[in-house]
Amino acid sequence: MQLHVYRRNRTISSHTNAEGMTHRAHYLQLRAVRRRIAAIATCFIIAAFTALYLAVQFAGTIPVQVQSGGTLGVASRDERDKYVQLVNDYLVSRPIERFRFALSEDALRMYLQHEAPEIASLRVKGGAIGEAVVSLEWRQPVASWRLNDTQYFVDRYGVIFATSNTTTTAVEVIDNSGVRAEAGAQVVSHRLLSFVGIVVPLLEKQGWTIEHIEVPPSTTRQIIVKVSGKPAIRMTIDRAGEAQVADAVSAITHLTSRSQQAEYIDVRTARRVFYR
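Cut-offs used in this document
- Residues numbered from 1 in each chain as written.
- Predicted model: local features only at pLDDT ≥ 70, side-chain atom pairs only at ≥ 80, totals over all residues.
- Heavy atoms only, no water.
- Phe/Tyr/Trp six-rings, centres within 6.5 Å; stacked < 30°, edge-to-face > 60°.
- Helix = DSSP H or I, 4+ residues; strand = E, 2+ residues; numbered from the N terminus.
- Buried < 20%, exposed > 50% of the residue type's maximum accessible area, 1.4 Å probe, protein only.
- Lys NZ or Arg CZ within 6 Å of the ring centre and 35° of its normal.
- Core = buried A, V, L, I, M, F, W, Y, C linked by side-chain atoms within 4.5 Å.
- Contact = heavy atoms within 4.5 Å.
- Polar contact = N/O pair within 3.5 Å; in protein donor to acceptor, adjacent residues only side chain to side chain.
- Pairing = 2+ DSSP bridges.
- Axes fitted to C-alpha atoms, helices over the stretch in contact; angles between N-to-C directions.
- 1 Å grid on protein atoms, 1.4 Å probe; cavity = no way out; pocket = protein on both sides within 12 Å on 5 of 7 lines; lining within 4 Å.
- Points joined across faces, edges and corners; volume = space filled by probe spheres on them.
- Nonpolar A, V, L, I, M, F, W, Y, C, P; charged D, E, K, R; others polar.

J.: Account for the packing of aromatic side chains, naming residues and giving values.
T.: Within a pair of aromatic rings, the relevant descriptors are the distance that separates the centres and the angle that separates the planes. For the coordinates displayed, the defined rule picks out two aromatic pairs. Ring geometry for Y90 against Y111: centres 5.6 Å apart, planes inclined by 45°, an arrangement best described as tilted. Of this pair, Y90 sits in helix 2 (residues 77-93) while Y111 is found in helix 3 (residues 105-115), placing the two residues 21 residues apart along the sequence. Taking the relative accessible area as the measure of exposure, Y90 reaches 2% and is therefore buried. Look at F153 and F161: their rings are 5.9 Å apart centre to centre, the planes differ by 25°, and that puts the pair in the stacked class. F161 matches F153 in its accessibility class, with the two residues each being buried. Here the basic side chain of R234 rests over the ring of Y264, its NZ or CZ set 5.9 Å away from the ring centre.

J.: Can you tell me about the nonpolar core, naming the residues and giving the values?
T.: A general trend in soluble globular proteins is that nonpolar side chains are found buried together. In this structure, L203, I213, I223, V225, I233 and M235 are the most contacted members of the largest nonpolar core, which totals 35 residues. Of all the secondary-structure elements, those providing two or more residues to this core are strand 5 (143-147), strand 6 (150-154), strand 8 (171-175), helix 4 (185-204), strand 9 (210-215), strand 10 (222-227), strand 11 (232-236) and helix 5 (241-257). The element best represented in this core is helix 4, accounting for seven residues. What I213 contacts, discounting residues up to four positions off in sequence, is V171, E172, V173, I174, V196, V200, I223, I224 and V225. In this structure, Y90, A107, A116 and A132 belong to the second largest nonpolar core, which totals 17 residues.

J.: Got a sec to walk through the environment of D247? Specific residues and values, please.
T.: Within the secondary structure, D247 is located in helix 5. Sequence-wise, D247 and V267 are 20 residues apart; in three dimensions their C-alpha atoms are separated by 6.4 Å. Ignoring any residue separated from it by four or fewer positions in sequence, one finds D247 in contact with R239, V267, R271 and V273.

J.: Before we move on, can you summarise the side chain of R139 with the specific residues and values?
T.: Structurally, the position occupied by R139 is in the loop between strand 4 (132-138) and strand 5. One polar contact links the side chain of R139 to the main-chain carbonyl oxygen of P117, over a distance of 2.6 Å.

J.: Give a description of the sheet that holds strand 13 (residues 274-275) that names residues and reports values.
T.: The strand order across the open sheet formed by nine strands is 7-6-5-8-9-10-11-12-13, and the pairing between neighbours is mixed. Both edges of this open sheet fall to strand 7 (160-161) and strand 13, since each of them pairs with a single strand only. Sheet analysis places strand 8 next to strand 9, joined by three bridges and oriented parallel. Bridging from a neighbouring strand, V173 pairs with I213 of strand 9. Sitting on the sheet, helix 5 touches strand 11, strand 12 (264-266) and strand 13, and the angle it makes with strand 11 is about 155°.

J.: Go over the layout of surface pockets, please, and point to the residues and values.
T.: Quantified by volume, the second largest pocket comes out at close to 180 Å³. For the second largest pocket, the full set of lining residues is A120, S121, E137, W138, R139, Q140, V142, D155, R156, Y157 and P201. When residues of the lining of the second largest pocket are traced back to their parent elements, those giving at least two are strand 3 (119-126) and strand 4. Classifying every residue of the lining of the second largest pocket gives five nonpolar, two polar and four charged.

J.: Would you mind going over helix 3 in detail, with residue names and values included?
T.: All of the buried residues in helix 3 are A107, L108, L112 and Q113. On its buried face, helix 3 sits against helix 2, strand 3 and strand 4.

None of this, on its own, says anything about what the molecule does.
This is how it looks when you write it as structure tokens:
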């Protein structure tokens, strides 16, 4: 007959293993071991997925695509290299943004537009592992002007830039002002060119064809817009372009309805239109 010593808080059982443990104690021990193994395996899986996610999100290389009007542009290799270098310079100053989830497209766009104003917008998309593709779109010029041996362009938002590889035809601005580009004259010219960039699309929206724009003698604050089959329009940068275009459209419509001919109309003064 086998005798068992009674111990407080211990289950009475006649079944023990070689180590003197009951089946219940052995079960509890195995369950604790399984839980530890499951916890370690879970941590390992989470770490593996985290590492894989970071590897996919990390952009070690940044290919650049250039688009013009929604189609792939004709940027030269030097231009592409320039844009790639600009993107890399930005990421050097903000290394955390090499991870795509941390990349601020707005901040990158503003940086690139500051360094290369010809860029209108950008989009970042995923590529291969360790790669992110930056797709750039050029501005579409509506007018061009040569100043100090440099060709400048302006888009419909009035933004000036000096590089354009698009096939879009830009209205030529002819400078007959005779003002030398010294003592701040270039700043005035930039303001005028911005004005032109806003006015041209508004006039073309009427279905009119603009032949060219002339800066009259002895001024850099006025322009004369030559419109095919319409009177020339004299404007000033000191008044809102939208208001002047509205006055010009109204005046030309009125003259046309009365079968009157005019050499030019002057919309420089608010609520007054002069014509001859």
